[in-house]
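Observations on chain architecture
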Amino acid sequence: MRRFLLANLALCLSAFAADAGTLDTLTERGSLRIGYIADEAPFSSSKPGADPAGYAIDLCGKIADEIEHQLPQLKREYVEMTLANGFDAVKDEKVDLLCGAITVNLVRREIVDFSQPIFLTGASALLRKDSPNYLQTLFLDEPAIRPVSQRVTSTNVIGARASTTTAATLREALATQVSKTRIADFETHEDGLKALENHEIDAYIADQVLLFNLATRARDPSSLEVGDRLFTHEPYAIALRRDDADFRLLADRALTDFYLSDDFLPLLETYFGAEAPMLHTQIIMEHVP
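Everything in this summary refers to the structure shown in the same document. Each chain has its residues counted from 1, following the order in which its sequence is written. Note on the predicted model: pLDDT of at least 70 is required for a residue's local features to be given, and 80 or more for side-chain atom pairs to be given and counted; whole-chain, interface and lining totals, by contrast, use all residues. The side-chain quantities take in all heavy atoms of the structure and omit both hydrogens and water.

Here we look at the sheet that holds strand S12 (residues 224-226)
Here is the rule: At least two DSSP bridges between two strands are needed for those strands to be called paired. Secondary structure counts use DSSP, requiring at least four H or I residues in a row for a helix and at least two E residues in a row for a strand, with both numbered from the N terminus. Helix axes use the C-alpha atoms of the stretch in contact, all axes being lines fitted to C-alpha atoms, and the angles between their N-to-C directions lie in the range 0 to 180 degrees. Every residue pair with non-hydrogen atoms within 4.5 Å of one another is taken to be in contact.
Pairing is mixed in the open sheet, where five strands are placed in the order S10-S9-S11-S8-S12. Looking at which strands have only one partner, the edges of the open sheet turn out to be strand S10 (182-186) and S12. The mean angle between the axes of side-by-side strands here comes to 30°, regardless of whether they run parallel or antiparallel. Taken together, the three bridges between strand S8 (residues 123-128) and S12 define a ladder with antiparallel strand orientation. Directly across from Leu-127, in S12, lies its bridge partner Glu-225. Against the sheet, helix H8 (residues 189-197) makes contact with S8, strand S9 (157-161), S10, strand S11 (203-207) and S12, and its axis sits at roughly 150° relative to S11, the strand it touches most. Set on the sheet, helix H9 (residues 208-215) makes contact with S8, S11 and S12; between it and S11 the angle comes to about 125°.

Notes on the packing of aromatic side chains
Here is the rule we go by: Classification of ring pairs uses Phe, Tyr and Trp, with its six-membered ring standing for Trp, and accepts pairs whose centres are within 6.5 Å; under 30 degrees between planes counts as stacked, over 60 as edge-to-face, and the remaining range as tilted. Remark: exposure states derive from per-residue accessible area (1.4 Å probe, protein chains only) relative to the maximum for the residue type, with buried under 20%, exposed over 50%, and partly exposed in between.
Scanning the entire structure with this criterion turns up 13 aromatic pairs. Arranged with centres 6.5 Å apart and planes meeting at 70°, the rings of Tyr-55 and Tyr-271 form a pair that is edge-to-face. On the criterion of sequence distance, the pair formed by Tyr-55 in helix H3 (residues 55-70) and Tyr-271 in helix H11 (residues 264-272) is long-range, its members being 216 residues apart. A relative accessible area of 0% places Tyr-55 in the buried class. The exposure class assigned to Tyr-271 is partly exposed, which follows from its relative accessible area of 23%. The interplanar angle of 65° and the centroid separation of 6.2 Å between the aromatic rings of Phe-186 and Tyr-204 together place this pair among those described as edge-to-face.

Comments concerning the pattern of salt bridges
Side chains that carry opposite charge are capable of pairing whenever their charged atoms lie near each other. Our working definition: Here a salt bridge means any side-chain nitrogen of Lys or Arg lying within 4 Å of a carboxyl oxygen belonging to Asp or Glu.
Counted according to the given criterion, the structure contains 15 salt bridges. For Arg-33, the salt bridge identified is with Glu-77, shortest N-O distance 3.7 Å. On the criterion of sequence distance, the pair formed by Arg-33 in strand S1 (residues 31-37) and Glu-77 in strand S4 (residues 75-81) is long-range, its members being 44 residues apart. Across the pair Arg-76 and Glu-68 runs a salt bridge whose closest N-O atoms are separated by 2.9 Å. A single network of salt bridges, built from pairs that share partners, joins Asp-39, Glu-40 and Arg-161.

A word on the state of the cysteines
Using the following cut-off: Our working definition of a disulfide is a cysteine sulfur pair at a distance within 2.5 Å.
A full pass over the atoms with the stated rule returns one disulfide. Sulfur-sulfur distance for the disulfide between Cys-60 and Cys-99 comes to 1.8 Å. Disulfide Cys-60-Cys-99: the torsion about the S-S bond is -105°, which places it as left-handed. In this pair, Cys-60 sits in helix H3 while Cys-99 sits in strand S5 (residues 97-99), placing the two residues 39 residues apart along the sequence. The burial state of Cys-60 is the same as that of Cys-99; both residues are buried.

Spelled out as structure tokens, the structure:
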């Protein structure tokens, strides 16, 4: 009987621990673990010896500020993650927030929850100005017209970053038709850029807002162009633990308060320049509850 009671007590304690909310976990641990994807400028990026930086990182910081109102002694820890392991890290409580160019979709919502949206974009292509005509026609509103003698033989390879929603969508599209085009996966956007510049691929597919930033880091930015046309809908948000409505409400309140403050537009200007006023209006109209 004593062993039976002890076993029941252990089960009850285990259930209580499993049901503990995120704030309880943070109180016990004494730190907030902010996961981030390092290769997603201007949303999240890192340099040796420095904390990560970017638009999404700053918004995660606003959530951290709100938490610290309740837990003043809370420390912040930054943990570099990848798209391949980041969502499981949130689920397993190895990180408390996942920040970056994180698209919300139903598959990911089986694993994690999300804050209200922080950005809206869509996928397009980064092309060389000598990329094949069919790609220019597909992604550019006004494709370049080149003499036949200047055309180069295409490799029939399109690059994408591994584990992204963009790569998954591209594969689904190609699976429905007979095509000689294949997809090459890259671990980082920088790897994809190098392959494009070296003529190893014909185009690099990613979210348009990321491609604009990526193109500025090319050896010769003037030799590249970002597509005008979008073929996916990519709402970004901050990933957090499922089944914790109180913590999600805290995060959404922190974001909403910041969106409505005088500091939000200057932050957008820091990362998106001349696009900031339009983005400010869009986020206020579409993403503030």
